[in-house]
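Spelled out from the first residue to the last, the chains are:
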Amino acid sequence: MRTSFNIPDAVVDEFDQVWQDEGIDNRSRAVREAMQEYIESHTRLEAISEDVIALVAFDYRHHDVIGALHGVQHEYQDVILNTSHTHQGEWCLESLFCQGNGKRVRKLTYRLRDFDGVNRVKIMVIRDD
């Protein structure tokens, strides 16, 4: 199947450099592998059903979304134990230390991904009961 994506040139350039450095034969192969990793990550996240201890980290443009992000964090106070925030120029890095209902932590992760001003959201499940 042929398809097209709208991806910033800088991201494509960096992606090309990475797959070439790894010795992958071509961009199509690298994209297939990246998509498979994304599917596996999503599947693991969807499988969370018990209580968890997790770290959710994300970076974002502070001025674009700070008010909305604080609103989301207040909605999920039942699973957010602590937050950490650092400034990196116009970007901020935030980490949320979470404990509680795995489905709520998953929903929080998805909500954070909804914002255009949020660049990446990563979750690391430390423990699931």
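Residues numbered from 1 in each chain as written. Predicted model: local features only at pLDDT ≥ 70, side-chain atom pairs only at ≥ 80, totals over all residues. Heavy atoms only, no water.

Colleague: What is the right way to read the pattern of salt bridges from this model?
Modeller: For side chains of opposite charge, pairing can occur when their charged atoms come near one another. For the structure on display, the rule yields seven salt bridges. Across the pair R61 and E90 runs a salt bridge, and its minimum N-O distance is 1.9 Å. Highlighted residues: R61 in strand β1 (residues 51–61) and E90 in the loop between β2 (80–88) and β3 (91–101), separated in sequence by 29 residues. In this structure R61 comes out as partly exposed when scored by relative accessible area, which is 31%. (Salt bridge = Lys/Arg side-chain N within 4 Å of Asp/Glu carboxyl O. Helix = DSSP H or I, 4+ residues; strand = E, 2+ residues; numbered from the N terminus. Buried < 20%, exposed > 50% of the residue type's maximum accessible area, 1.4 Å probe, protein only.)

Colleague: Honestly, the nonpolar core in this entry has me stumped. Any pointers?
Modeller: The tendency in soluble globular proteins is for nonpolar side chains to be buried side by side. Of all hydrophobic cores here, the largest spans 23 residues; its most connected members are F58, Y60, L69, L96, L108, L112 and V118. Elements that contribute at least two residues to this core include exactly β1, α3 (62–75), β3, α4 (102–113) and β4 (118–128). Here the element with the most residues in this core is β1; it accounts for five residues. (Core = buried A, V, L, I, M, F, W, Y, C linked by side-chain atoms within 4.5 Å.)

Colleague: Sorry if this is basic, but what is going on with the packing of helix α1 (residues 9–21) against helix α2 (residues 27–47) here?
Modeller: Any two packed helices are characterised by how steeply their axes cross, that is the angle between the axes, and by the distance between the axes. At a minimum axis distance of 10 Å, the contact between α1 and α2 shows a crossing angle of 95°. The angle between α1 and α2 falls in the class roughly perpendicular. Contact residues: α1 offers V12, F15, D16 and W19, while α2 offers R27, A30, V31 and A34. (Axes fitted to C-alpha atoms, helices over the stretch in contact; angles between N-to-C directions. Parallel < 35°, antiparallel > 145°, perpendicular 65-115°, else oblique. Contact = heavy atoms within 4.5 Å.)

Colleague: Is there a simple way to explain the state of the cysteines in this structure?
Modeller: Chemically, a disulfide is nothing more than a covalent bond linking the sulfur atoms of two cysteines. Applying the stated criterion across every chain yields a total of zero disulfides. Free cysteine: C92, not disulfide-bonded; nearest cysteine sulfur from C98 at 18 Å. Classification of C98 as buried rests on a relative accessible area of 2%. (Disulfide = S-S within 2.5 Å.)

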